[in-house]
Amino acid sequence: MEMTGLQIFKYLPAAKKTEHTNCKQCGCPTCMAFALKLAKQNIEIEKCPYIKEELKNLYFQNIKHPQNTVKIGSLTIGGENVLYRHEKTFINRTVLAICLDCNIPDFDNEIKRISDFEIKGVNEILKIDLIILKNSQKIDINNLKDKISIEIISFEDYKNFEINTFTDNDFYETKDYLITTRTRAIVDKDEACSKPVCVWLKSENLYELTTHASFYICKYANMLVFETFEEALFSTILRLRQNIYTNPQKPLQVESDLYEFNSPDRNSIIFLTTNFALTFFAVANELEGVNIPSYLIVIPADGMSVLTAWSAEKFTANIVSKTIDKLKIREKINTRKIIIPGLLAHIIPELQQAVSDFEFIVGTNEASEIREFIKNINR
Ligand code: SF4
């Protein structure tokens, strides 16, 4: 059982009413705040210099990860300690690997294709993690490592790692195995289930692979191995994986910036929205797809969607005005009209007052309506 904040607090100076009570050296305003953070493992225990060995020992004993970790090069596999990501963020992303046979035709090109494959995720480039090489020709793997940008190991070496490998012959069987193993590891602290679990996918059907892999990323594969490389498959599951392995309490957000679509010039239309990743990508996809040059100003709103940002005072006339200044919109663009989300039509008077040299226009409530809207707008 992990320690609660109150249990931790009892060992801290504030509870014992000793020197250094609430001294803030840990970066928290009080010992209680530190205890609550530590209980959630959101701060390192060493941040408080006044913690006694007794608490340290208890703490480390209690947070011992129920699932072991395995290192393959720079990759860490396993080490999860919760069943649901709303309890605590999942730690180590499901490693995505491709098993490649050195005897396939065009081996050199295929290995380069896999290594070079990348897609743009939210604030990061997403790639496949690992190649497992069936190396009957005894190719020099160290030599290959210098040429590619992802990890590579031989199939023989893979077999030596302390990983449970389960072959995906039947979806229900695999699903049951994954759920049972993770539950026994986390809830029952069953040592027999403490190894990370890898699912080896054999199907050649792209839809089947995508649906199975998507489920197994959510529940509860620490690693997936594919015997085929399809860009569509990995584009889907890499994005899914990024979403699952984020902190659910912190919405995914993009940079506050000026984004360009379809090579805009100084007179192109300007849209404006918040930096919530979902909102951004919904709007960006529409702007890109409509094939009309445009700009999108993204304001910093702590990753909140439009209405939430407004109600939390993160989408205010003042913030819009500051963002326009910071992004140097006046210097970069001649257009003096900005289309704002339809849901915030009521703040137009405030915007107009704060940024008097721009005209603010009410846009659509939904990103999916932008296509029609943009065609009819008087530019
Ligand atoms: Fe309390 Fe330690 Fe933080 Fe000081 S450094 S406030 S004693 S927890």
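Predicted model, so just to flag it, every value in this text is computed and none were measured.

## A closer look at helix α8 (residues 171–186)
Okay, step 1: With 16 residues, α8 should cover 22 Å at 1.5 Å per step; its first-to-last C-alpha distance of 22 Å lies within 8% of that length.
Okay, step 2: Residues of α8 that are buried make contact with β8 (164–168), β9 (197–201) and α9 (206–218).
Okay, step 3: Sitting at the head of α8, Asp170 places a side-chain oxygen 3.1 Å from the backbone nitrogen of Tyr172.

## Observations regarding the pairing of strand β7 (residues 151–154)
Okay, step 1: Looking at chain direction, strand β6 (residues 130–134) and β7 are connected through four bridges and run parallel. When the sheet's bridge partners are listed, Leu130 is paired in β7 with Glu151.
Okay, step 2: Remark: the β6/helix α6 (residues 141–147)/β7 crossover connection has right-handed handedness.

## Comments concerning the packing of aromatic side chains
Okay, step 1: Within this structure, the stated rule accounts for 15 aromatic pairs.
Okay, step 2: Ring geometry for Phe117 versus Phe229: centroids 5.4 Å apart, planes at 75°, classification edge-to-face. Of the two residues, Phe117 is situated in the loop between α5 (107–116) and β4 (118–120) and Phe229 in the loop between β10 (223–226) and α10 (231–244); the sequence distance between them amounts to 112 residues. For the pair shown, Phe117 and Phe229 are each scored as buried.
Okay, step 3: Ring centres of Tyr259 and Phe280 lie 4.6 Å apart, and the angle between their planes is 55°; this geometry places the pair in the tilted category. With Tyr259 in strand β11 (residues 258–261) and Phe280 in helix α11 (residues 277–289), the pair connects residues that are 21 residues apart, well separated along the chain.
Okay, step 4: A residue is classified by how much of its surface remains accessible, and Phe280, at 6% relative accessible area, is buried.
Okay, step 5: Ring pairing ties together the aromatic residues Phe117, Phe226, Phe229 and Phe234, which thus form one cluster.
Okay, step 6: The ring of Phe155 carries the charged tip of Lys134 above its face, separated from the ring centre by 5.2 Å.

## Section: the pairing of strand β3 (residues 95–101)
Okay, step 1: Of all seven residues making up β3, six are buried, and the element is well covered by its neighbours.
Okay, step 2: Pairing of β3 with β10, which is carried by four bridges, proceeds in the parallel orientation. Opposite Val95, over in β10, you have Met223 as the bridge partner.
Okay, step 3: Relative to β6, β3 runs parallel, the two sharing five bridges. Paired with Ala97 across the two strands is Leu130, which belongs to β6.

How each quantity is defined
Residues numbered from 1 in each chain as written. Predicted model: local features only at pLDDT ≥ 70, side-chain atom pairs only at ≥ 80, totals over all residues. Heavy atoms only, no water. Helix = DSSP H or I, 4+ residues; strand = E, 2+ residues; numbered from the N terminus. Expected span 1.5 Å × (residues − 1). Contact = heavy atoms within 4.5 Å. Polar contact = N/O pair within 3.5 Å; in protein donor to acceptor, adjacent residues only side chain to side chain. Pairing = 2+ DSSP bridges. Right-handed = clockwise from strand over helix to strand, strands pointing away. Phe/Tyr/Trp six-rings, centres within 6.5 Å; stacked < 30°, edge-to-face > 60°. Buried < 20%, exposed > 50% of the residue type's maximum accessible area, 1.4 Å probe, protein only. Lys NZ or Arg CZ within 6 Å of the ring centre and 35° of its normal.

As far as function goes, none of this settles anything; it's purely spatial.
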